[in-house]
Amino acid sequence: MKRDLILFGPPGAGKGTQGVLLADRLTLLRLSTGDVLRAAVRRGTPMGIEARRYMDAGELVPDDVILGIVRDYLAGEAAETGVVFDGFPRTLPQAERLDALLGELDRPVRAVLVLEVDDDTLIKRLSGRRTCGSCGALYNVFFEPPREADRCDACGSALTQRADDEPETVRRRLEVYNEQTAPLIDYYERSSTPLHHVDGDRPVDAVQRDLLALLGS
Ligand code: AMP
């Protein structure tokens, strides 16, 4: 049976990038609670309207909203298939509830993978991030700048910045991570779930290789 993985780490550590690759390589599903919330915000659903004020401020969306997303997800295709959780759990109640939900499915979490990146790099990764509104290409004004400022190299459309990637919100997101999410490392260290730390400040493929090696894949 497929077993679930938790990709853990501060915002900007590369959980999304590594999560897509891991899910593909291990034929797991990937659940990014942030992606689900952003889709709800775009569609203007009641959940999206509620979530948006927290997200734009860099705060966590209330646990009951997040747990609703995860419960629905695990009741679908993911009931049979393992999942890479990206950006979940972020609080102690979320972690406890995930253990209970997976316990009901009789499949304890296979491993928690912690991506570590120092704060200065995280701030540049997040506040420098730009997306093409048209074709979705990603840039970073510090690390991978477009040839022309604020224009997509591929299609020439305007680049946009996520509201929560504004420098002030980025600082708040890091604070929230340190206050509310980082303590979960302790929770998993005291549990029987294997926990691995990986240096996330390296090229994508080097990080991915280490993650797969730790999983014995
Ligand atoms: P992310 O894309 O994972 O950085 O998530 C973007 C934003 O969505 C976060 O800053 C939170 O406001 C919200 N969010 C995503 N996942 C969670 C979660 N597990 N618990 C609470 N809020 C979340």
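This text goes with the structure placed above it.
Remember, predicted model here, so these are calculated numbers, not experimental data. (Residues numbered from 1 in each chain as written. Predicted model: local features only at pLDDT ≥ 70, side-chain atom pairs only at ≥ 80, totals over all residues. Heavy atoms only, no water.)

A. Looking closely at the pairing of strand β5 (residues 129-132). Burial along β5 is one-sided: R130 and C132 are buried, and none of R129 and T131, which face the opposite way, are. Linking β5 back to strand β6 (residues 138-140) in an antiparallel pair, the connection comprises five residues, with G136 at a positive phi of about 85 degrees. Across two bridges, the pairing between β5 and strand β7 (residues 159-160) is antiparallel. Its bridge partner lying in β7, T131 is registered against T160. (Buried < 20%, exposed > 50% of the residue type's maximum accessible area, 1.4 Å probe, protein only. Helix = DSSP H or I, 4+ residues; strand = E, 2+ residues; numbered from the N terminus. Pairing = 2+ DSSP bridges.)

B. Seen up close, the sheet that holds strand β2 (residues 29-32). Read across the sheet, five strands follow the order β2-β3-β1-β4-β8 without closing on themselves; strand pairing throughout is parallel. Lying at the two open borders of the sheet, with one neighbouring strand each, are β2 and β8 (195-199). The average angle at which neighbouring strand axes cross in this sheet is 20 degrees, direction not considered. Here β2 pairs with strand β3 (residues 83-86) via four bridges, running parallel. Bridging from a neighbouring strand, R30 pairs with V84 of β3. Each of β1 (5-8), β4 (111-116) and β8 is contacted by helix α9 (residues 204-214), which is oriented at about 160 degrees to β8, the strand it contacts most. (Axes fitted to C-alpha atoms, helices over the stretch in contact; angles between N-to-C directions. Contact = heavy atoms within 4.5 Å.)

C. Structural detail: the nonpolar core. In this structure, L74, F85 and L98 are the most contacted members of the largest nonpolar core, which totals 31 residues. For this core, the elements supplying multiple residues, two or more each, are β1, β2, α3 (46-57), α4 (63-75), β3, α5 (92-104), β4 and α8 (184-189). The element best represented in this core is α4, accounting for six residues. Excluding its chain neighbours within four sequence positions, the residues that come into contact with L74 are A79, V83, F85, L98, L101, L102, L105 and R107. Ranked by size, the runner-up nonpolar core spans 21 residues in total, among them L22, A111, V117 and V207. (Core = buried A, V, L, I, M, F, W, Y, C linked by side-chain atoms within 4.5 Å.)

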